[in-house]
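# An overview of the molecular structure
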Amino acid sequence: MRVMYRTNRSVLAAVLLASVATAAAQTKITAPKNKYSPSDDVKLGQQASQEIQKELPVMRDEEVNSYLNNIGRRLAGGIPAEFSHPEFRYTFTAVNLREINAFALPGGPMYINRGMIEKAHNEGEVAGVMAHEMVHVALRHGTAQQTAATPYAVGQVAGQILGAIVGGGWGRVISEGSNFGIGTAFLRFSREYEKQADLLGAQIMARAGYDPRDMANVFRTIEKESGPGGPQWLSDHPNPGNRYEYINQEARTLRVAPGNGSNSAQFPNVQAHLRSLSPAPSSEEVARNRKAGRETPTGTSGSRPAGSVARPNTQFTTYNEGNVFRISVPSNWRELGNNNAVTFAPEGAYGTVSGNSVFTHGIEVGVARNENHDLNTATNELLESLRQGNPRLTRPSNYDRGTIGGRQGLRTVLSNVSDATGGQEVIEVYTTQLGDGSLFYALGVAPREEYNTYANVFRNVIRSIQFAR
Ligand SMILES: [Zn+2]
């Protein structure tokens, strides 16, 4: 049985009994008028979700997504019967963006930024934002807002509804995408809907065994932890006023169902897992990269590498990467941002296979956040995570020592079976540590039969690296 009041329980007991006896009942929520049918919500949400899958850097990380699904399913089980629509399907997907943000589409698809999980103090805070979003879906606020606003038919309002829900930084990322013009003219939910999302969200949390006060807390976390430009989430979900106070007030009327509580054992594991990945980019960085005309390897083409690849130019081009490092690569290699890292590869050498970005020739360079200040261990961890996506990658037998950009570095040569061609490939791994302890890495990839040519190129690329800090 969960204990809600841990401190001074005996002293508080009498007071609590008294306040419980006189406390107001939980707020009665009524869904707003809506001229659309729940199946319209489903249709609109699916349409929008398909676009979003193309435009946003969604994470295909099983550990993170299944964790979010566990929280989400638990919350969905707490939706009161009168607001549960049998045709709605709640799904939960992590997005590789740094901001503390999340949104949900009509009918149930929900997207949660990686930054949300990284900055939360406990699972209850993540659940708080998810419960709030879930109420917008369950009460059908997207279509309800359109009911009040316009006489348009369903097809015409799709973009507007999506815009209403996907505001702020999301809108910026999506509108930079080529296929989707929601622009910047998004609406926000009304303060009345926001208050409903908070109050019913608190009730759902309690029914699901989460402490609803964590929802009040997460709004403070969002205010405190949001970077320059202010909290995106709050610009999409305006504070109706006294948010922290009225959620806590509502919490006092609620009995938290027995369950796992807000501090699951899994939460710190998932946070640690995320810290081991390259830092998430901001939505502004992703938008800027889109604008600069970079294509992500998972981008529009979505096809297998074409396979016919030109030899590397002897002329090199220099790139300045986010004020972290400079690197020079053969001038016929393209720069491909993939959110966590940058890949330089020639035409025909990159594409997607079964939804995963792959490249057959070239070099991937990135920075992985790392808590381990021992280069060997950090490199082992990097290779372990690399092996998760490349199960046939060999293990390193030893590391050669050298320097990268004047820093002490390690090098090892591994072999792998290419996802794209099924042939043997060689992977050269270079690592060093930056001043803040994060791990800088470069992965050179070439088919085994062309490795002689590429070994020289990799050596020259690595020699060109200069760090800014
Ligand atoms: Zn909201």
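You'll find the structure just up there.
Remember, it's a predicted structure, so these values are computed and weren't measured experimentally. (Residues numbered from 1 in each chain as written. Predicted model: local features only at pLDDT ≥ 70, side-chain atom pairs only at ≥ 80, totals over all residues. Heavy atoms only, no water.)

For the zinc ion, the full set of protein donor atoms is His132 (NE2), His136 (NE2), Glu194 (OE), Glu194 (OE) and His237 (ND1), at a range of 1.9 to 2.4 Å. When the donor residues of the zinc ion are listed from N- to C-terminus, their spacing reads H-x3-H-x57-E-x42-H. One end of the pair, Glu194, is in helix H9 (residues 191-207); the other, His237, is in the loop between helix H11 (232-236) and helix H12 (243-252), and 43 residues separate them in sequence. Since its relative accessible area comes to 0%, Glu194 is described here as buried. (Donors = N, O, S within 2.8 Å, 3.2 Å for Na, K, Ca; no water. Helix = DSSP H or I, 4+ residues; strand = E, 2+ residues; numbered from the N terminus. Buried < 20%, exposed > 50% of the residue type's maximum accessible area, 1.4 Å probe, protein only.)

Turning next to the nonpolar core. When a protein is soluble and globular, its nonpolar side chains tend to lie buried together. Among the nonpolar cores identified, the biggest contains 55 residues, and Leu68, Leu75 and Met130 are the most heavily contacted of them. No other element matches helix H5 (residues 123-138), which puts nine residues into this core. Beyond its immediate chain neighbours, meaning those up to four positions away, Met130 contacts Leu68, Ile71, Gly72, Leu75, Phe92, Met110 and Ile112. Formed by 24 residues, the second largest nonpolar core is a distinct cluster that contains Ala446, Val457, Val461 and Ile465. (Core = buried A, V, L, I, M, F, W, Y, C linked by side-chain atoms within 4.5 Å. Contact = heavy atoms within 4.5 Å.)

Moving on, we come to the environment of Asp211. Of note, Asp211 is situated in the loop between H9 and helix H10 (213-225). With a relative accessible area of 6%, Asp211 lands in the buried category. The spatial distance from the C-alpha of Asp211 to the C-alpha of Ala127 is 9.4 Å, given a sequence separation of 84 residues. Engagement of the side chain of Asp211 in a polar contact is seen with the side chain of Arg213, the distance being 2.9 Å. (Polar contact = N/O pair within 3.5 Å; in protein donor to acceptor, adjacent residues only side chain to side chain.)

Attention now goes to the environment of Pro240. You can see Pro240 is positioned in the loop between H11 and H12. Distance from Pro240 to Ser190, taken between C-alpha atoms, is 8.4 Å for residues 50 residues apart in sequence. Dropping the residues within four chain positions of it, Pro240 is found in contact with Arg191, Glu194, Lys195, Asp198 and Tyr246.

Turning next to unusual backbone geometry. Here the phi dihedral of Arg140 falls at roughly 60 degrees; this positive angle occurs in a residue that is not glycine. Take Arg140: it is sitting in the loop between H5 and helix H6 (141-149). Classification of Arg140 as buried rests on a relative accessible area of 9%. For Asn242, which is not a glycine, the phi torsion comes out positive at approximately 55 degrees.

A few words on the sheet that holds strand E3 (residues 109-113). Strand order across the open sheet formed by three strands is E1-E3-E2, with mixed pairing between neighbours. On the outer flanks of this sheet lie strand E1 (91-95) and strand E2 (102-104), each paired with one strand and no other. Mean inter-strand twist for the sheet, computed between neighbouring axes without regard to direction, equals 15 degrees. Pairing analysis gives five bridges linking E1 to E3, with the strands arranged parallel. The residue of E3 that forms the bridge with Val95 is Asn113. (Pairing = 2+ DSSP bridges. Axes fitted to C-alpha atoms, helices over the stretch in contact; angles between N-to-C directions.)

To continue, consider the packing of H5 against H10. Between H5 and H10, the least distance of the axes is 8 Å, while the angle of their chain directions is 95 degrees. Comparing the axis directions of H5 and H10 gives the class roughly perpendicular. Packed against H5, whose contacting residues are Gly124, Glu125, Gly128, Val129, Ala131 and His132, the element H10 presents Asp214, Met215, Asn217, Val218, Phe219, Thr221 and Ile222 at the interface. For the contact of H5 with H10, the per-class residue count stands at six nonpolar, five polar and two charged. (Parallel < 35°, antiparallel > 145°, perpendicular 65-115°, else oblique. Nonpolar A, V, L, I, M, F, W, Y, C, P; charged D, E, K, R; others polar.)

Oppositely charged side chains may form a pair once their charged atoms are brought near each other. Using the criterion set out here, one finds 11 salt bridges in the structure. A salt bridge links Glu194 to Arg243; the nearest nitrogen and oxygen atoms lie 2.9 Å apart. Note that Glu194 is positioned in helix H9 and Arg243 in helix H12, a separation of 49 residues in sequence. There is no split in this pair, since Glu194 and Arg243 are both buried. (Salt bridge = Lys/Arg side-chain N within 4 Å of Asp/Glu carboxyl O.)

It is worth spelling out the side chain of Glu99 at this point. Relative to the assigned elements, Glu99 resides in the loop between E1 and E2. With relative accessibility at 18%, the residue Glu99 sits in the buried group. When near neighbours in sequence (up to four residues on either side) are disregarded, Glu99 contacts Asn113, Gly115, Met116, Gln232, Ser282, Ser283 and Glu284.

Right, let's get into the packing of aromatic side chains. Centre distance and the angle of the planes are the two values used to describe a pair of aromatic rings. For the structure shown, the criterion picks out three aromatic pairs. An angle of 15 degrees between the planes, with centres 6.4 Å apart, marks the rings of Trp333 and Tyr454 as stacked. Placement of the pair is Trp333 in strand E6 (residues 333-337) and Tyr454 in helix H16 (residues 451-464), with a sequence separation of 121 residues. Judged by relative accessible area, which is 2%, Tyr454 ranks as buried. Centre to centre, the rings of Tyr454 and Phe458 are 6.1 Å apart; their planes meet at 45 degrees, and the pair counts as tilted. Linking Tyr454 with Phe458, this pair stays in helix H16, spanning four residues, or about one helical turn. In this pair, the class of Tyr454 matches that of Phe458, namely buried. Directly above the aromatic system of Tyr244 lies the positively charged group of Arg220, at a separation of 3.4 Å from the ring centroid. Lying across the ring of Phe467, Arg407 places its NZ or CZ 5.6 Å from the centre. (Phe/Tyr/Trp six-rings, centres within 6.5 Å; stacked < 30°, edge-to-face > 60°. Lys NZ or Arg CZ within 6 Å of the ring centre and 35° of its normal.)

The quantities given are spatial measurements derived from coordinates; they are silent on function.
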